[in-house]
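# Chain and residue survey
If you want the building blocks of each chain, they are given just below.
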Amino acid sequence: MRLDGSVVVVTGAGNGIGAAMSREFAARGAHVVVNDIDGHAAESVAAGIGGTAAAGDAASDAGARELVSGALGEHGRIDLFCANAGTATAGGPEAPDEDWDHAWQLNVMAHVRAARAVLPHWLETGGGHFLATVSAAGLLTMLGAAPYSVTKHAAIGFAEWLAVTYADRGVTAQALCPQGVRTGMLAGSGETGQRLLAEDALEPERVAEVVADSLGGDFLVLPHPEVADRYARRAADPDRWLAGMSSLRRQVEQHG
């Protein structure tokens, strides 16, 4: 996919991976619509790249529609939509329903609502590209964070469904699945997250470079290539993989 001259929408772009992707895409010639629920953060990133700030809650149906209609009204088209906003929610079944619902709304329904808003434009014009920021947790799992793991699995499922359903109509989809990235989300992941992810964590700028180089390529965008091997081992022998993850959990708990 050519970024030069394209129109790109990035949600959750006020910081972290979203901000880094916005800067990388702009450096490669794209005009970027920078969305974030934090309007000041969106304006700061947009001002630094010559983009357009679009404050708002992209996880809501009204917010997604407003974001898409605003971008189309100003630029006439959207070539790439990056559903990047997300949240990391810890806990297990005991986590409050509010935490589960928040994770579901932001990690899954935000993608659904984005697609609902932008697909009519793409189907009318003959194509577009959808990038879902998921996580390696969507392919594997994240210890200590059931709402995060479950919703990221669902996000992978939705991106796969988009790719299969619209492949013959010019609409493509990819899923970005990094492991640890040095963002505020990793900093707030607690001792378990730090122990599992910090050592091999990448800078968000490196993730953005991988994304820009991978657009239009393989469905899975893997800034940590080792995730592909782990995903393959999980599929080939689920019981062995589960036993290994249980062993890792015990090690983490013993050192907690």
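Remember, it's a predicted structure, so these values are computed and weren't measured experimentally. (Residues numbered from 1 in each chain as written. Predicted model: local features only at pLDDT ≥ 70, side-chain atom pairs only at ≥ 80, totals over all residues. Heavy atoms only, no water.)

## Regarding the pattern of salt bridges
Applying the stated criterion to the full structure yields seven salt bridges. For the salt bridge of Arg-77 with Asp-79, the shortest nitrogen-to-oxygen distance reads 2.9 Å. The class of Arg-77 is partly exposed, set by a relative accessible area of 33%. Judged by its relative accessible area of 22%, Asp-79 falls in the partly exposed class. A salt bridge links Glu-209 to Arg-206, with the shortest nitrogen-to-oxygen separation between them at 3.1 Å. Of the two residues, Glu-209 and Arg-206 are both situated in helix 8 (residues 204-214); the distance of three residues between them amounts to about one turn of the helix. Owing to a relative accessible area of 43%, Arg-206 belongs among the partly exposed residues under this scheme. A network of salt bridges, in which partner residues are shared, links Glu-24, Arg-28 and Asp-213. (Salt bridge = Lys/Arg side-chain N within 4 Å of Asp/Glu carboxyl O. Buried < 20%, exposed > 50% of the residue type's maximum accessible area, 1.4 Å probe, protein only. Helix = DSSP H or I, 4+ residues; strand = E, 2+ residues; numbered from the N terminus.)

## A look at the side chain of Ser-6
For Ser-6, the position within the fold is in the segment before strand 1 (7-10). Classification of Ser-6 as buried rests on a relative accessible area of 4%. One polar contact links the side chain of Ser-6 to the main-chain carbonyl oxygen of Leu-3, over a distance of 2.7 Å. (Polar contact = N/O pair within 3.5 Å; in protein donor to acceptor, adjacent residues only side chain to side chain.)

## As for the pairing of strand 3 (residues 52-55)
By the alternation rule, side chains of strand 3 split into Thr-52 and Ala-54, which are all buried, and Ala-53 and Ala-55, of which none is buried. Across four bridges, strand 2 (residues 31-36) lies against strand 3 in parallel orientation. Along strand 3, the bridge assignment pairs Val-33 with Thr-52. For the crossover from strand 2 across helix 2 (residues 39-49) to strand 3, the handedness is right-handed. (Pairing = 2+ DSSP bridges. Right-handed = clockwise from strand over helix to strand, strands pointing away.)

## A look at a negative patch on the surface
Side chains of Asp-97, Glu-98, Asp-99 and Asp-101 sit close together on the surface and give a patch of like negative charge. Mapped onto the elements of the fold, Asp-99 is located in helix 4 (residues 97-125). Residue classification places Asp-99 among the partly exposed residues on the basis of a relative accessible area of 32%. (Patch = residues over 30% accessible without salt bridge, like charges linked within 9 Å, V, L, I, M, F, W, Y side chains within 5 Å. Areas by Shrake-Rupley, 256 points an atom, 1.4 Å probe, with all protein chains shown as cover. Lys, Arg positive; Asp, Glu negative; His and termini not counted. Charge placed at Lys NZ, Arg CZ, Asp CG, Glu CD.)

## Some thoughts on the side chain of Asn-35
Relative to the assigned elements, Asn-35 resides in strand 2. Of the residues examined, Asn-35 reaches a relative accessible area of 3% and is grouped as buried. Within the structure, the side chain of Asn-35 is placed 2.9 Å from the backbone oxygen of Ala-54, a separation counted as a polar contact. For Asn-35, the contacting residues outside a window of four places in its chain are Val-10, Thr-11, Gly-12, Ala-13, Gly-14, Ala-42, Ala-54, Ala-55, Gly-56, Ala-58 and Leu-67. (Contact = heavy atoms within 4.5 Å.)

## Concerning the pairing of strand 5 (residues 128-133)
Most of strand 5 is tucked away: six of the six residues are buried. On strand 5, burial covers both faces: Gly-128, Phe-130 and Ala-132 on one face and His-129, Leu-131 and Thr-133 on the other are all buried. Examined bridge by bridge, strand 4 (residues 80-83) and strand 5 share four bridges and lie parallel to one another. Opposite Leu-80, over in strand 5, you have His-129 as the bridge partner. For the segment spanning strand 4, helix 4 and strand 5, crossover handedness is right-handed. Where strand 5 lies against strand 6 (residues 171-176), six bridges are found, and the strand directions are parallel. Each residue of the ladder has a partner; that of Leu-131, found in strand 6, is Gln-174. Each parallel crossover has a hand, and the one from strand 5 via helix 5 (residues 146-166) to strand 6 is right-handed.

## Considering the packing of helix 1 (residues 16-27) against helix 8
Helix 8 packs onto helix 1 with a crossing angle of 55° between their chain directions and a minimal axis gap of 8 Å. In this view, helix 1 runs oblique relative to helix 8, as classed from their interaxial angle. In the packing of helix 1 onto helix 8, the handedness of the crossing is right-handed. Here Gly-16, Ile-17, Ala-20, Met-21, Glu-24 and Phe-25 of helix 1 come into contact with helix 8, specifically with Pro-204, Glu-205, Val-207, Ala-208, Glu-209, Val-211 and Ala-212. A per-class count over the contact of helix 1 with helix 8 returns nine nonpolar, one polar and three charged. (Axes fitted to C-alpha atoms, helices over the stretch in contact; angles between N-to-C directions. Parallel < 35°, antiparallel > 145°, perpendicular 65-115°, else oblique. Left-handed = near helix turned anticlockwise from the far one by under 90°. Nonpolar A, V, L, I, M, F, W, Y, C, P; charged D, E, K, R; others polar.)

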